[in-house]
Structure formats: C-alpha cells, structure tokens
Amino acid sequence: MPLGSGALAGSGFPFDREALANDLGFATITANSMDVSADRDFALDFLYAASTTMLHLSRFAEDWILYSSEEFGWIELGDGVTSGSSLMRRRKIRIRSN
C-alpha cells in the first residue's frame, strides 16, 4: 500500500499504515517511499513521447498547408482529404500550379 509514501515528506497525518493496509485488503505496506513515488515515471515517459509525436505531426501538417498554398503550389490535395469553406460548403479552393 503506497499511502503515506509522499515524494518529499510522506504524510502529515498520523495513521497506522499496517492496519489501514489490512483493512483495505493490501498484502503489505511499501517499504521504500522513493520506489513508490518513482513508480509513476512510466506515465511521464508516455506523455513526453506522445507530446513530442504530436509536435512533429503538427509541424508536418503545417508544412503541407504551406506547400499547398497559392504562394508555393507544390502540393495539391485531393477531394477525399479536403473540405470546403464553412460559408460555401460546395466550393473547394483550387490551387493553381505554375
């Protein structure tokens, strides 16, 4: 049971960890508070990897938007991956190729 194993100072409330673990159905209490507080690093690693992936995908999408603009005209996206304007839904902005 990790209750009372804070990363810095534990808990400020006096309670019997062993009795509480027994009442809640835990097999035993944690012996090392640093191990318990460091056990959630996997979640931080996942969030870091997910945010980095989304950052790269966002930059990739920004490049696609820029390269399909009228100034560049290097990419023309098909009808299956584009949509119309919110004001004129049937109109698709055509990109001129030079």
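This one's a predicted model, so the numbers in the text were calculated from it and none came from an experiment.

Focus on the confidence of the model for the chain
Line of reasoning, step 1. Per-residue pLDDT for the chain averages 78, and the proportion of residues at 70 or more is 76%.
Line of reasoning, step 2. Per-element confidence in the chain is highest for helix H3 (residues 41-67), whose mean pLDDT is 92, and lowest for helix H2 (residues 33-37), whose mean pLDDT is 72.

Considerations on the side chain of Arg 17
Line of reasoning, step 1. Checked against the element boundaries, Arg 17 lands in helix H1 (residues 17-24).
Line of reasoning, step 2. At 8.0 Å, Glu 18 is the nearest oppositely charged side chain to Arg 17, a buried residue that forms no salt bridge.

Topic: H1
Line of reasoning, step 1. A distance of 3.4 Å separates the backbone nitrogen of Glu 18 from a side-chain oxygen at the start of H1, and that oxygen is part of Asp 16.
Line of reasoning, step 2. Immediately downstream of H1, the backbone of Gly 25 shows phi near 90 degrees, a positive value.

Conventions adopted
All residue numbers here refer to positions counted from 1 along the written sequence of the relevant chain. For a predicted model such as this one, the threshold for reporting local features is a pLDDT of at least 70, and the threshold for listing and counting side-chain atom pairs is 80 or more; totals across whole chains, interfaces and linings nevertheless cover every residue. Only hydrogens and water are set aside when side-chain values are computed; all heavy atoms of the structure are taken into account. The pLDDT value tells you how sure the predictor is about a given residue, anywhere from 0 up to 100. Note on conventions: DSSP H or I runs of at least 4 residues are helices, E runs of at least 2 residues are strands, and numbering of each starts at the N terminus. Accessibility here uses a 1.4 Å probe with only protein chains present; expressed as a share of the type maximum, an area under 20% marks a residue as buried, one over 50% as exposed, and anything in between as partly exposed. Charge assignment in this entry is limited to Lys and Arg as positive and Asp and Glu as negative, and neither His nor the chain termini are counted. Here, a salt bridge means any Lys or Arg side-chain nitrogen found within 4 Å of an Asp or Glu carboxyl oxygen. Pairs of N or O atoms within 3.5 Å make up the polar contacts considered here, provided that, within protein, one atom can donate a hydrogen while the other can accept it, and that residues adjacent in sequence are counted only when both atoms are side-chain atoms.

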